[in-house]
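Remarks on the overall topology
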Amino acid sequence: MSFQKSKFHHPRLPVNDLGLNYRDYEGALSTLCAGCGHDSITSAIVQACFELSLPPHQVAKMSGIGCSSKAPNYFLNKAHGFNTVHGRMPSVTTGANLANRELTYLAMSGDGDSASIGLGQFAHVVRRQLNMLYMVANNGVYGLTKGQLAATADRGMKNKVGEQSLFTDIDLCVMALQLGATFVARSFSGDKKQLVPLIKAAISHQGFAFIDIISPCVTFNNHPDSTRSYDYVHQHITTAAVTDFVPVKQEITSDCAAGICEDICLHDGSLMRIHKLQPDYETKNAMKAIVDIETHKKKGEILTGLFYLDANGEHYHEINNTTDTPLNKLTQDDLCPGSRVLSGINDSFR
Amino acid sequence: MSQPLKHDANEQYSKNCQAINNFVVRFANTNGTGSASSNNMFAKAILRMGIPVSAKNIFPSNIQGLPTWYEVRISENNFLARRGGASEIVVAMNPQSLDEDIANVASGGFLLYDSSRALTDSQFRDDISYLSIPISAICQKEYQDPRHRQLFKNVVYVGALAALLNIEFDVLKSLVADQFRGKDKLITPNIYALELGYQYANQHFTCPLSIKVERRDLVNNRIMVDGNTACGLGAVYGGATVVGWYPITPSTSVIEKFASYCARLRIDPASGKRNYALVQAEDELAAIGIAIGASWNGARSFTATSGPGISLMTEFLGLAYFAEIPLVLINVQRAGPSTGMPTRTQQSDVLTCAYASHGDTKHVLLFPKDPAECFEFSALSFDLADQLQTPVIIMSDLDLGMNDHLCNEFTWDEQQKYQLGKVLSKKQLDEVKDYGRYKDTDGDGICYRTIPGTHPDKGAFFTRGTSRNEYAGYTEKSAEYVANMDRLNKKFSTASTLVPQPEIIEGKSMAPIGLIYFGTSSHAIDESRQQLKDHGLAIDTLRIKAFPFNNQISPFIERHTNIFVIEQNRDGQMRTLLMNELTIDPAKLNAILNYDGLPITSTFIVEKVLNTLALQQKSQVS
Ligand SMILES: Cc1ncc(C[n+]2csc(CCOP(=O)(O)OP(=O)(O)O)c2C)c(N)n1
Ligand code: SF4
Ligand SMILES: [Mg+2]
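**Examining the overall build of chain B**
The number of helices and strands found in chain B is 19 helices and 23 strands. In terms of overall size, chain B behaves like a compact globule, its C-alpha atoms giving a radius of gyration of 27 Å where 622 residues would be expected to give roughly 25 Å. Taking the principal axes of the C-alpha coordinates as reference, chain B spans close to 90 × 75 × 40 Å. Across the 622 residues that make up chain B, the buried fraction comes to 60%. In chain B, the share of contacts with a sequence separation of at least 24, taken over all contacts with a separation of at least 6, comes to 76%. Surface accessibility of chain B: about 23,600 Å² in total, with carbon and sulfur atoms responsible for 50%. Chain B carries 59 positive and 66 negative side-chain charges, and their two centres are separated by 2 Å.

**Brief notes about the coordination of the magnesium ion (ligand 3)**
Residue and element names in this part refer to chain A. Donor atoms from the polypeptide that coordinate the magnesium ion (ligand 3) comprise Asp111 (OD), Asn139 (OD1) and Val141 (O), at 2.0 to 2.2 Å from the metal. Counting residues between consecutive donors of the magnesium ion (ligand 3) along the chain gives the motif D-x27-N-x1-V. Remark: Asn139 occurs in the loop between β4 (132–138) and β5 (141–142) and Asp111 occurs in helix α4 (residues 111–115); sequence separation between them is 28 residues. Judged by its relative accessible area of 2%, Asp111 falls in the buried class.

**A look at the interface of chain A and chain B**
Of the residues lining the interface, 60 residues belong to chain A; the matching set on chain B comes to 71 residues. In this assembly, chain A packs against chain B so that about 5,300 Å² is buried in total across both faces, 59% of it on carbon and sulfur atoms. At the boundary of chain A with chain B, the tally comes to 4 salt bridges. For Arg350 of chain A, the salt bridge goes to Glu409 of chain B, with nearest N and O atoms at 2.6 Å. The interface formed by chain A and chain B contains 28 residue pairs in polar contact (both at pLDDT 80 or more). Secondary-structure elements contributing two or more residues to the side of chain A that touches chain B are β1 (59–63), β2 (80–83), α3 (89–99), α5 (119–127), α10 (316–320), α11 (332–335) and α12 (338–347) of chain A. A per-element tally of the side of chain A that touches chain B places α3 of chain A first, with 8 residues. For the side of chain A that touches chain B, a count of residues per class yields 23 nonpolar, 30 polar and 7 charged. For β2 of chain A and strand β17 (residues 462–463) of chain B, the ladder comprises 2 bridges, and the chain directions are parallel. When the sheet's bridge partners are listed, Phe82 of chain A is paired in β17 of chain B with Thr463 of chain B.

**Some points on the site of ligand 1**
Within the structure, ligand 1 sits among 18 residues, and Ser68, Asp111, Gly112, Asp113 and Gly143 of chain A are positioned closest to it. With respect to ligand 1, its neighbouring residues span chains A and B. Between ligand 1 and Asn139 of chain A there is a distance of 3.0 Å, counted from an oxygen atom to a side-chain nitrogen or oxygen. For ligand 1, whose free accessible area comes to 580 Å², the fraction covered by protein is 76%. Mapped by element, the contributors of at least two residues to the shell around ligand 1 are α2 (67–70), α4 and β5 of chain A. Counting residues per element, the shell around ligand 1 draws most heavily on α4 of chain A, at 3 residues. Of the residues assigned to the shell around ligand 1, the class counts are 6 nonpolar, 9 polar and 3 charged.

Definitions and limits used
- Residues numbered from 1 in each chain as written.
- Chains lettered and ligands numbered in written order.
- Predicted model: local features only at pLDDT ≥ 70, side-chain atom pairs only at ≥ 80, totals over all residues.
- Heavy atoms only, no water.
- Helix = DSSP H or I, 4+ residues; strand = E, 2+ residues; numbered from the N terminus.
- Rg over C-alpha atoms; globule rule 2.2 N^0.38 Å.
- Buried < 20%, exposed > 50% of the residue type's maximum accessible area, 1.4 Å probe, protein only.
- Contact = heavy atoms within 4.5 Å.
- Areas by Shrake-Rupley, 256 points an atom, 1.4 Å probe, with all protein chains shown as cover.
- Lys, Arg positive; Asp, Glu negative; His and termini not counted.
- Charge placed at Lys NZ, Arg CZ, Asp CG, Glu CD.
- Donors = N, O, S within 2.8 Å, 3.2 Å for Na, K, Ca; no water.
- Buried area = accessible area lost by both parts, 1.4 Å probe.
- Salt bridge = Lys/Arg side-chain N within 4 Å of Asp/Glu carboxyl O.
- Polar contact = N/O pair within 3.5 Å; in protein donor to acceptor, adjacent residues only side chain to side chain.
- Nonpolar A, V, L, I, M, F, W, Y, C, P; charged D, E, K, R; others polar.
- Pairing = 2+ DSSP bridges.
- Near = heavy atom within 4 Å.

Given below as structure tokens:
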């Protein structure tokens, strides 16, 4: 079910560079359970897009199947969206992106969608360096099919009906790092201060950006035995660095002591300012990021923040040497070689 | 070296086959020995002498070491299906299959073999002639490089065949020049190898044999090419820009050809950048997902696969059907799963493709008969997919895809414009009052779509599978679901008016027998018609070119008392589809089913027709 929100809004709502207000970035009313982490992600996306002044219709919202994959319906009403099939969003997004390199691709997936049925597609879209933002709402369970354990569930964790996760968990950030993603972060749906700048930076990033977002399922995975409940996450979260996102043209205002601050210039000229909470934290070493993630996990902590950023990596179209005009805008004149060429080709078969 | 022969061709059999421009040459080789290009040169030489010819590869699912055959049929009558039966001349280069190959020589025919290795007594038949040439020994003597010693064997026997069968040597020379254009150093050694064979044959046998070719002017402007090349090229002409694919025999070369033509024809002249994107995906699920994503986003896109890939793609085919996304899928059919028979041909995905996926789904299928139609249908399928906003599946097969076929040249009408279907521009969106993605404004079941990024405020929608109302909103209301399903049915009826019409051939007086056929079975039809005529039987024919079925098909069935549905699968899938989709009397539909993995022959068809008629008569009498 989805309900449309009333179009009425207060005339004095603040507007962005495009003259659009926050509500112009909203979608249909959510039908997810009240308190579902996915709804917080939705509002973080709305805020990020509003603050970035993204033209909404220049965004394509992509998703697979699951509660999390429904989320695109609840943001950016003026953007086209595609609720594809379970686990296959990465391939559809690949095709869409190949067809039009100019749109911004915002993709939502779940841990079931990406770490189980879609693990192969996840791995390969990372390898392909598709220019997109890939978000996984990680709740450790399959929400939409009523609470079965997901492959991201920590080993030993029990779901609501008491079934224990017996096998090694899959960490999608570690996989993304290993497979060469150029932007890798983890965040928590309940921490908007961290999540919004990460989403903004990830959208500005030219290349494959991945954010794993811990997003508690209040209905099936918010019990005391869970390692994805709000309480558990609040108690065990640890942040390597706080990030600010500074758009192009805007002055850097946040003060930061030398040595614990790092500015990374993104492709479009905007800046990612990283306030390091841990002194040895660095964002240019994927192998070290993997070690950090695993070390904290062993201690029972969930490490969040930006793990890795390579602002200069090549994305698919650069690797493919695709023409600058989006392929879907090429005309018959550009594409069809015509009858003269064909008669030469015919001769080669005589 | 050469042993005393019991029977030499020079003994001049009174029983020797006599044939001019009408016989079959069968080459027996070992996979991976480089025989393909010289065998192909042989077939092309016949073609360049103006004589119709067809060639079939019969090869294993293997890269090296197993037996392969190449069967060339030379036919002045333009009978270009596989003839079947034994061959007038067999070139036996593979010791492994030698016994079988000897058995495959027609009585009165010839065996050309490498006599560097002696035959055993049991390998001599007294009804055939032996053309013994010490091919290995010749190459051993002439060449130092072991690779050359192997490769040039193939060229030597082609040279010998030229002398034996009266092929003009200059034609071969020009073929070599064409083949090695740009690698000129290879021309002289190849011609030398041809000469070695040519001279040996002239010195040792009476040339030409009693079977031979003579120059004619019967090829006209036809070309000889395989269907996969044609499909790949058709996709270039049809404007495909995005391709996702996963390798599988026999479809792989569709993509390889598309890629190589794109590398030549689709580079932006100003920037040197590519006007296309081709992704070798992780599997067929991703391959079709890529095509769907691109089509959704307004680019022409396709994928190509074969049976196992079709199985993997079915979930997505359902999504594309319900979400109404244009999609072109080229299915080069083969025989069944896993390995072994998969390098053999079949038409056994008809039902799977017609109804692929879950829920009520049906898909547009096109059945090309030859490479010219592969080209035409491949280009056309992008128009159809865009116009109908649904998957269009081209049903090729291994025989069509991987064998060279003589066919009409490819044509492209410069007036022909891409039909992009109902896609709203920004301006149109500004004008339209009450836009609904799934509203049937025109009453043909086809609605107006919008491409992401078109308009800042209007036309955006959330694409999903089954559950949506006319405005693309989520719904679980039964009435809305039913209305949508009925509209999709209406769209499918519209499709039957847009797809290629059947080809019907009927005589002046009504024949009692009607043959219905499609795809590569077409090649055996003219010959079957001739043979049945020789048996005093007149036939009418209908070639199905597409599904959904055009409205001429039912009347054709009604007009004839006896219908034969000819197909290359075990279960009579097209017959089932006809029964399922049309209101006809199923008892009228006799099945002629060839499913041995080899292209169907007229002999097979005629025999089945005659047997069925005999049985019918018997049951009437008793
Ligand atoms: C091919 C296929 N298999 C199974 C399903 C059923 N199914 C729907 S959603 C889902 C799991 C979703 O889990 P996740 O991606 O974690 O999303 P969440 O609901 O937890 O946000 C499953 C198994 C399906 N839709 N398609
Ligand atoms: S079931 Fe869980 S994941 Fe799904 S909407 Fe409810 S809280 Fe969210
Ligand atoms: Mg989940």
